[in-house]
Amino acid sequence: MKLLPYSLSIFFFLSMFIGSSQTNYEESKVPSFDVPDPLLTFSGHTINSVKKWEKVRRPELLRFFENDIYGKLPKKLKINSYAILEEDNNALNGKAKRKQVELTFKKKGKTLSYTILLYLPKNKVKAPIFLGYNFYGNHTITEDKAVIISSAWANNNESFGIENNTLTEASRGKRTHRWAVEKILDAGYGLATIYYGEVDPDKNDFSDGIHPLLYQHGQDQPKPAEWGSIAAWSWGMVRALDYFEKDADIDASKVIAFGHSRLGKTSLWAGATDERFAGVISNNSGCGGAALSKRKFGETIAVINDRFPHWFCDNFNQYDDNEEALPVDQHQLLALIAPRPLYVASAEEDQWADPRGEFLSSHYATQVYHLYGKKGIETKEMPMLNEPIHNTVSYHIRTGKHDVTDYDWENYIKWANAFVK
Ligand code: GTR
């Protein structure tokens, strides 16, 4: 094994404590397992056509992921109303049109609102857009003073100046490096982002966010097969897409779901559950996202359910230290996105997310893309660092840590130009 850079070794060392003492980072210790076949039904029938995939296999896989992993929505809930809170045709030094649109939902006397920040390329009739959540508020993605600061609950974070779970001016522009707004606009795309905490605060508490609007009488938390926070955040993306269909500045047939880390798990689930998303990007999504669970490399199901008990549905707990019992794996989540363009990206130092597991997952999902005559990750050999493979299913592993960089965005734009636009 080659020597690891100092920062990387520290990260591994810390992760051992954050995770379980048995966190595995050695390829030789990955257990051998059968990769569940996307093209074989649970009752053993071979799927050899698009028709059978769409009629039989896709629905049964989707149902499994709903019931046992992310949790299903108890009911439908549509946008009650929306309001353009603010609009400027000369934002970002005249480069963009900015809109801040608030969606409101009402049920059982309860109300939830969240705000979409939109930057659209000027002089474009209907723009394709990237839609992705941010972790600390819309105002963190840009220095733009006009971006409204959310009053929703936020995780405290000293370096972002967030105390008392309240977002403030102190964090404006703190995450600009993760959002290549200019590059996106220059390439003719718009960007839509939402603070994920407005849809569901990221804590193990189901009395807030969107969940209570859909409880039955007397219910105070989701049932074992009902939606956790990832499914709630995905739902928020889907409802944003409903709004885009009404906005004349946006080409709603070209909305790409983007997400990093837990929000990459979210973009994948949004893309799987709503086929209107024209493409999906998973940036370093790891366990419960693009990475194969059965490899038990880096973060595992038991560890993620222990640290984030609210992310998945309670039924997912039955696979804690019991990955063998899973009749599916995450490549089949990716396959649910077929034949739409999909980009899975990893980072070299992000071993916690199992880059190799993310890569193999994209490879094993590719057979479903083949049914549609599309190309994906044809090889089982991982590409070199910073040497992307671009097909309908794309993959890269870049140098650096768990993050979103300009390099990632440059590749997403190239892929979107070739396969979505
Ligand atoms: C980590 C978690 C990962 C990933 C990440 C993030 O702590 O273990 O699964 O989701 O958080 O979202 O930043």
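Above this text sits the structure in question.
As the structure is a computational prediction, the values presented were derived from the model and not from experiment. (Residues numbered from 1 in each chain as written. Predicted model: local features only at pLDDT ≥ 70, side-chain atom pairs only at ≥ 80, totals over all residues. Heavy atoms only, no water.)

## Description of the site of the ligand
1) Next: Close to the ligand lie Ser 261, Arg 262, Lys 265, Glu 299, Ile 304, Arg 307, Phe 308, Trp 311, Trp 352 and His 402.
2) Next: The separation between an oxygen atom of the ligand and a polar side-chain atom of Arg 307 is 3.3 Å.
3) Next: Within the contact set of the ligand, an oxygen atom lies 2.9 Å away from a side-chain nitrogen or oxygen of Trp 352.
4) Next: Taking 310 Å² as the accessible area of the ligand by itself, protein coverage stands at 86%.
5) Next: Broken down by secondary-structure element, the contributors of at least two residues to the shell around the ligand are α7 (262-273) and α8 (301-307).
6) Next: The class makeup of the residues in the shell around the ligand is four nonpolar, two polar and four charged. (Near = heavy atom within 4 Å. Polar contact = N/O pair within 3.5 Å; in protein donor to acceptor, adjacent residues only side chain to side chain. Areas by Shrake-Rupley, 256 points an atom, 1.4 Å probe, with all protein chains shown as cover. Helix = DSSP H or I, 4+ residues; strand = E, 2+ residues; numbered from the N terminus. Nonpolar A, V, L, I, M, F, W, Y, C, P; charged D, E, K, R; others polar.)

## Some details on the nonpolar core
1) Next: With 92 residues, the main nonpolar core has Leu 118 and Phe 244 as its most contacted residues.
2) Next: Per-element accounting of this core gives the leading share, 11 residues, to helix α6 (residues 229-244).
3) Next: Leave out the neighbours within four places in its chain, and Leu 118 touches Lys 97, Arg 98, Lys 99, Val 101, Ile 129, Leu 191, Ala 192, Tyr 243, Phe 244, Asp 247 and Ile 250.
4) Next: Ala 96, Tyr 119, Trp 409 and Trp 415 belong to the second-largest nonpolar core, a separate cluster that totals 28 residues. (Core = buried A, V, L, I, M, F, W, Y, C linked by side-chain atoms within 4.5 Å. Buried < 20%, exposed > 50% of the residue type's maximum accessible area, 1.4 Å probe, protein only. Contact = heavy atoms within 4.5 Å.)

## Some thoughts on the packing of helix α2 (residues 50-70) against α7
1) Next: Packing of α2 against α7 brings their axes to within 11 Å, and their N-to-C directions diverge by 140 degrees. With respect to α7, the axis of α2 lies oblique. Along this stretch, α2 crosses α7, giving a crossing that reads as left-handed. Contact with α2, carried on its side by Arg 58, Leu 62, Phe 65, Glu 66 and Tyr 70, involves Trp 269, Ala 272 and Thr 273 of α7 and no other residues of that element. (Axes fitted to C-alpha atoms, helices over the stretch in contact; angles between N-to-C directions. Parallel < 35°, antiparallel > 145°, perpendicular 65-115°, else oblique. Left-handed = near helix turned anticlockwise from the far one by under 90°.)

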